[in-house]
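What follows is each chain in one-letter form.
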Amino acid sequence: MTEDVRGLLADAFSLYRDSPRAAGLLREALEHLEQPLRVGITGAAGTGKSTLAAALGDWPTRALRDLALIDDPAPGTLTDATVRLFRHLEPDELAAALPTPRSAFARQTAVDTVLVLARADEMGAGRIDALLTAKQLARRAWREDPLCSGSQGVIAVAGQLAYGAHAFDDDEFELLAAFAAVPREELERYLISVDSFTDPAFPGPVSVDTRRSLVSRFGLFGVRLALTLIRTGSDSQMKLSAELVRRSGLGELRDTIAGCFAARADALKARTAVIRLETVLQAEPRPHGDRLAARVERFAATAHDFRELRLIADIRGGRTALTGEPAEEAVQLLGAQGTAPEERLGLAPDADPREVYAAGIDAVRRWRHEAERPDRPPAERAAAHVVVRSAEGLLALFA
């Protein structure tokens, strides 16, 4: 795919070599093919973009180490994917913030966005079940709201909690553990608000400044949740940190970025380059430019990565008839947990090639059967055909 796009850009460059502006845009796109995938973190003021970017960036994982996170990229910045933050998932807010793809290719391959219901810990005035409520709202929006259906996921995240939980130290754990040891009924009235938590009458010798520091790092919701978790078994700094991060939603967001973006870096960078090429063709029409446009159409028609990503989103968003184990197998074969053959087939990383091939043959046979069943609706058979194509692609590696 990258070589095809490199050829397209080279031919376009020849066509526009007398236009400094167009040539510069094409050169930037060509050079970007060799650079890390760029993921923009965007959203309105107050949604916590910088905090979330810091939480993702300060949590180094193998899956995300080769991509560049760009906090609030300036207009015109070349980005390949977007994590878009919202305070609410109201239709008006979504409609105003979600851009309409400007070309047919961009619409056909619109697999580059994850939506985040940000500051999820503030849901319902920060009740202890705030994160659960936020996750339910996010899942419902992804399944039911047409404005969310084109995204690779709608995920509720408490960025401040994630950032604080990942970085907090033994001293802070000891402090929280001491608070948790105070009888619940005695402490409860000091956890109603930030003002009450920093009230000088707070029980114990901990200073107001220390309590203010804690609540600024974790939020009041984070403090409440930490005390609950300590009382119910998170009895070490490491256990508490892991549980807070897990509940913050950051792990789900990280996995989605890894599976849908990082694992498809070459395809998404190729998409970015082709959209840049389309922009140039539309802005400065040239004789024979229609030949390049036709090649873009052929590229879009044959790019299977984008079909896989769209179908993964449709299955996970509940927009197909596939459910249960068939749905789980389909998204795995489509590459949602990784695009290596072993990952697609659910095998160990060091599986014998003969085992991989045999599992691939088995997958092709099963999904061909699903694709040809006359009792299935056309949409379901079409989805099965995409899975078959993915499984056949695995076998092609052994040719």
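Attention here is on the structure that accompanies the text. Computed from a predicted structure; not experimentally measured.

Right, let's get into the overall build of the protein. Secondary structure assignment for the protein yields 20 helices and 5 strands. Principal-axis analysis of the C-alpha atoms gives the protein an extent of 80 × 55 × 40 Å. Each of the 399 residues in the protein was classed as buried or not, and the buried ones make up 48%. Summarising the internal contacts of the protein: among those between residues at least 6 apart in sequence, 72% fall at separations of at least 24. For the protein, the accessible area works out to roughly 19300 Å², and carbon and sulfur atoms hold 52% of it. Counting 50 positive and 58 negative side-chain charges, the protein places the centres of these two groups 4 Å from one another.

Here we come to the packing of helix α8 (residues 170-181) against helix α11 (residues 208-231). One can describe the packing of α8 onto α11 by two numbers: an axis separation of 10 Å at closest approach and a directional angle of 60°. On the basis of their axis angle, the class for α8 and α11 is oblique. Regarding α8 and α11, the two cross each other, and that crossing is right-handed. In contact with Glu172, Phe173, Leu175, Leu176, Ala177, Phe179 and Ala180 of α8, α11 contributes Thr210, Arg211, Leu214, Arg217, Phe218, Val223, Ala226, Leu227, Ile230 and Arg231. Each residue belonging to the contact of α8 with α11 can be placed in one class, and the counts come to 12 nonpolar, 1 polar and 4 charged.

Formed by 100 residues in total, the largest nonpolar core has its most connected members in Leu176, Phe179 and Leu253. Among the elements that line this core, the one with the most residues is α11, at 11 residues. Dropping the residues within four chain positions of it, Phe179 is found in contact with Leu187, Phe197, Phe202, Val206, Arg211, Leu214, Leu227 and Arg231. Ile315, Ala327, Ala330 and Leu333 belong to the second largest nonpolar core, which has 25 residues in total.

What follows deals with the layout of surface pockets. One way to see where empty space is left: roll a probe the size of a water molecule over the atoms. Of the volumes computed, that of the largest pocket is approximately 1300 Å³. If you go around the largest pocket, you meet 38 residues; those closest to its centre are Thr82, Arg84, Pro99, Arg102 and Asp112. For the lining of the largest pocket, the secondary-structure elements that each account for two or more residues are α2 (20-32), β1 (37-43), β3 (81-86), β4 (113-117) and α14 (265-283). Considering each element in turn, the lining of the largest pocket owes the most residues, 7 residues, to α14. In terms of residue class, the lining of the largest pocket is built from 16 nonpolar, 14 polar and 8 charged.

Calculation rules
- Residues numbered from 1 in each chain as written.
- Predicted model: local features only at pLDDT ≥ 70, side-chain atom pairs only at ≥ 80, totals over all residues.
- Heavy atoms only, no water.
- Helix = DSSP H or I, 4+ residues; strand = E, 2+ residues; numbered from the N terminus.
- Buried < 20%, exposed > 50% of the residue type's maximum accessible area, 1.4 Å probe, protein only.
- Contact = heavy atoms within 4.5 Å.
- Areas by Shrake-Rupley, 256 points an atom, 1.4 Å probe, with all protein chains shown as cover.
- Lys, Arg positive; Asp, Glu negative; His and termini not counted.
- Charge placed at Lys NZ, Arg CZ, Asp CG, Glu CD.
- Axes fitted to C-alpha atoms, helices over the stretch in contact; angles between N-to-C directions.
- Parallel < 35°, antiparallel > 145°, perpendicular 65-115°, else oblique.
- Left-handed = near helix turned anticlockwise from the far one by under 90°.
- Nonpolar A, V, L, I, M, F, W, Y, C, P; charged D, E, K, R; others polar.
- Core = buried A, V, L, I, M, F, W, Y, C linked by side-chain atoms within 4.5 Å.
- 1 Å grid on protein atoms, 1.4 Å probe; cavity = no way out; pocket = protein on both sides within 12 Å on 5 of 7 lines; lining within 4 Å.
- Points joined across faces, edges and corners; volume = space filled by probe spheres on them.

That's the geometry; what it means functionally is another story.
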